[in-house]
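Analysis of the macromolecular model
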Amino acid sequence: MSTAQPAAHPTAQAAAGPTASAYIARLHGMLGDRDPIAVMEEQIGALARIGEGVPDAALRRSEAPGKWSMVEVVQHLADTELVYGYRVRMSLATPGVSIQAYDQDIWARELRYRDASFEDAMEQMRVMRRINLRLLKSLDDEALDRYGMHAERGRESVRQVIRLIGGHDLVHREQLARIRKAVLS
């Protein structure tokens, strides 16, 4: 087991406990009036453009001590795809199901995001995003209103999860652009 300190996730602290509403507001604020499905459809291309031409050493360098590198962010996005995909499926199949929270920094540390391959993380993201979007686009209003009970955020419908993921995508696009600028300067 690693004893290294976790890297700082830009929204992890905001998601904990009583400040869950601040986290939700931040993601909704990032999304604004945009269609979350359209944002989600753009994500792979946006990530590819941001990562294009960045040498491997730079992909692994963080913008500041204790912050994530580009490869860590993309691996986080790939694992987020897995997590929300599972949560949506559980909510669809078993409305009202308990949805466990997870600590993204522990995942980053224990699953060794720093050692990930940028290309493999992108491929994981590509495949899972395509499959998740196919499912989400097939849902009618009744299915979109099915929900799970998130351990920190409470009742969360599939429709709400889609909005959160759209905002989450935009938060991390900004983060990746900022890291790219810092590590290539």
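Residues numbered from 1 in each chain as written. Predicted model: local features only at pLDDT ≥ 70, side-chain atom pairs only at ≥ 80, totals over all residues. Heavy atoms only, no water.

With that settled, consider the overall build of the chain. Within the chain one finds nine helices and three strands. Taken from the N to the C terminus, the helices and strands of the chain come in the order α-α-α-α-α-β-α-α-α-β-β-α. Over its C-alpha trace the chain gives a radius of gyration of 16 Å, about what one expects of a compact globule, namely 16 Å for 185 residues. Counting only C-alpha atoms and orienting by the principal axes, one finds that the chain spans roughly 50 × 35 × 30 Å. By element, 54% of the accessible surface of the chain is carried by carbon and sulfur atoms, the whole surface being about 9,300 Å². (Helix = DSSP H or I, 4+ residues; strand = E, 2+ residues; numbered from the N terminus. Rg over C-alpha atoms; globule rule 2.2 N^0.38 Å. Areas by Shrake-Rupley, 256 points an atom, 1.4 Å probe, with all protein chains shown as cover.)

With that settled, consider the pairing of strand S3 (residues 154–157). Bridge count between strand S2 (residues 147–150) and S3: four bridges; the pairing is antiparallel. Directly across from Gly 148, in S3, lies its bridge partner Glu 156. Between S2 and the antiparallel strand that follows it, S3, lie three residues. (Pairing = 2+ DSSP bridges.)

Strand order across the open sheet formed by three strands is S1-S2-S3, with mixed pairing between neighbours. Two strands bound the open sheet, and with one partner strand each, they are strand S1 (97–99) and S3. With strand direction ignored, the average angle separating the axes of adjacent strands in the sheet is 40°. Sheet strands in contact with helix H5 (residues 70–93) are S1 and S2, and its direction is about 165° off that of S1. (Axes fitted to C-alpha atoms, helices over the stretch in contact; angles between N-to-C directions. Contact = heavy atoms within 4.5 Å.)

Before going further, it helps to examine the confidence of the model for the chain. When pLDDT is averaged along the chain, the result is 91, and 90% of the positions lie at 70 or above. In the predicted structure, residues 1–16 sits below a pLDDT of 50 and forms 38 contacts with residues beyond four places in sequence or in another chain. (pLDDT = per-residue confidence, 0-100.)

Take unusual backbone geometry next. For Arg 112, which is not glycine, the phi torsion reads 50° and is therefore positive. Turning to its location among the elements, Arg 112 is positioned in the loop between helix H6 (104–110) and helix H7 (118–137).

This part covers the environment of Val 54. With respect to the helices and strands, Val 54 occurs in the loop between helix H3 (36–51) and helix H4 (56–59). Val 54 sits in the buried class, given a relative accessible area of 8%. C-alpha separation for the pair Val 54 and Pro 95, spaced 41 residues apart in sequence, amounts to 43 Å. When residues no more than four places from it in sequence are discounted, the contact partners of Val 54 are Leu 59, Met 70, Arg 180 and Leu 184. (Buried < 20%, exposed > 50% of the residue type's maximum accessible area, 1.4 Å probe, protein only.)

Right, let's talk about H3 for a bit. Counted at 1.5 Å a residue, the expected span for H3 with its 16 residues is 22 Å, and the 22 Å between its end C-alpha atoms agrees. Along H3, the residues classified as buried are Pro 36, Ile 37, Val 39, Met 40, Gln 43, Ile 44, Ala 46, Leu 47, Ile 50 and Gly 51. Looking at the buried residues of H3, the elements they touch are helix H2 (20–31), H5, H7 and helix H9 (158–184). The N-cap residue of H3 is Asp 35: its side-chain oxygen and the backbone nitrogen of Ile 37 are 3.1 Å apart. (Expected span 1.5 Å × (residues − 1). Polar contact = N/O pair within 3.5 Å; in protein donor to acceptor, adjacent residues only side chain to side chain.)

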